[in-house]
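Per-entry structural report
This is what each chain is made of:
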Amino acid sequence: GFTVLSERFSQKGPEGAEELAFFLNSYLEQLVKSIGKSGGDIFKFAGDAMIILWPPPENDSEEELITIARRATQAGLDIQSKLHNATLTEDVRL
């Protein structure tokens, strides 16, 4: 997990911290793209989590709510398929 990864990079000193930041930024960039494609808005980063909101429908039709729920679900599935055990370099997996 992340703890093992951060411990490994911390052994490299300041250079390791910079490398870790680079890899995390790359990973988060991919998350943000998937969320944006689905119409979601990032409300907040909270520790190692993101709080995402999908704007409410203009009217309260059940059909529009279902569409928004499907977009949110699809974003989660997209993220899982692209980023589960993502390999950022030959020796770095998240």
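Residues numbered from 1 in each chain as written. Predicted model: local features only at pLDDT ≥ 70, side-chain atom pairs only at ≥ 80, totals over all residues. Heavy atoms only, no water.

1. Points about the overall build of the protein chain
From N to C terminus, the protein chain includes 3 helices and 4 strands. Along the protein chain, helices (α) and strands (β) appear in the sequence α-α-β-β-α-β-β when read from the amino end. Over its C-alpha trace the protein chain gives a radius of gyration of 17 Å, far above what one expects of a compact globule, namely 12 Å for 94 residues. Along the first, second and third principal axes, the C-alpha atoms of the protein chain reach 55 × 25 × 15 Å. Out of the 94 residues belonging to the protein chain, those deemed buried represent 19%. Within the protein chain, contacts between residues separated by at least 24 positions form 33% of all contacts whose residues are at least 6 apart in sequence. As displayed, the protein chain has an accessible area near 7,000 Å², and 55% of this comes from carbon and sulfur atoms. Of the charged side chains in the protein chain, 9 are positive and 15 negative; the average position of the first set lies 4 Å away from that of the second. (Helix = DSSP H or I, 4+ residues; strand = E, 2+ residues; numbered from the N terminus. Rg over C-alpha atoms; globule rule 2.2 N^0.38 Å. Buried < 20%, exposed > 50% of the residue type's maximum accessible area, 1.4 Å probe, protein only. Contact = heavy atoms within 4.5 Å. Areas by Shrake-Rupley, 256 points an atom, 1.4 Å probe, with all protein chains shown as cover. Lys, Arg positive; Asp, Glu negative; His and termini not counted. Charge placed at Lys NZ, Arg CZ, Asp CG, Glu CD.)

2. Digging into the pattern of salt bridges
Evaluated as defined, the whole model comprises 3 salt bridges. Residue glutamate 19 is joined to lysine 12 by a salt bridge in which the shortest nitrogen-to-oxygen separation is 3.2 Å. Overall, the relative accessible area of 22% leaves glutamate 19 in the partly exposed class. Of the charged contacts in the structure, one is a salt bridge between glutamate 29 and lysine 33, with a shortest N-O distance of 3.5 Å. Linking glutamate 29 with lysine 33, this pair stays in helix H2 (residues 14–37), spanning 4 residues, or about one helical turn. (Salt bridge = Lys/Arg side-chain N within 4 Å of Asp/Glu carboxyl O.)

3. Examining the packing of H2 against helix H3 (residues 62–83)
The interhelical angle for the contact between H2 and H3, taken along N-to-C directions, is 150°, at an axis separation of 9 Å. Regarding the angle of H2 to H3, the classification is roughly antiparallel. For the element pair H2 and H3, the recorded crossing hand is right-handed. For the pair H2 and H3, the contacting residues are Tyr27, Gln30, Leu31, Ser34, Ile35 and Lys37 in the first and Ala75, Asp78, Ile79, Lys82 and Leu83 in the second. Grouping the constituent residues of the contact of H2 with H3 by class yields 6 nonpolar, 2 polar and 3 charged. (Axes fitted to C-alpha atoms, helices over the stretch in contact; angles between N-to-C directions. Parallel < 35°, antiparallel > 145°, perpendicular 65-115°, else oblique. Left-handed = near helix turned anticlockwise from the far one by under 90°. Nonpolar A, V, L, I, M, F, W, Y, C, P; charged D, E, K, R; others polar.)

4. Some words on a nonpolar patch on the surface
Taken together, Leu28, Val32, Ile42 and Phe45 make up a surface patch of nonpolar side chains, about 290 Å² in accessible area. At the level of elements, H2 and strand E1 (41–46) are the ones that each hand at least two residues to the nonpolar patch. When you line up the elements, isoleucine 42 lands in strand E1. Given the relative accessible area of 31%, isoleucine 42 is considered partly exposed. (Patch = residues over 30% accessible without salt bridge, like charges linked within 9 Å, V, L, I, M, F, W, Y side chains within 5 Å.)

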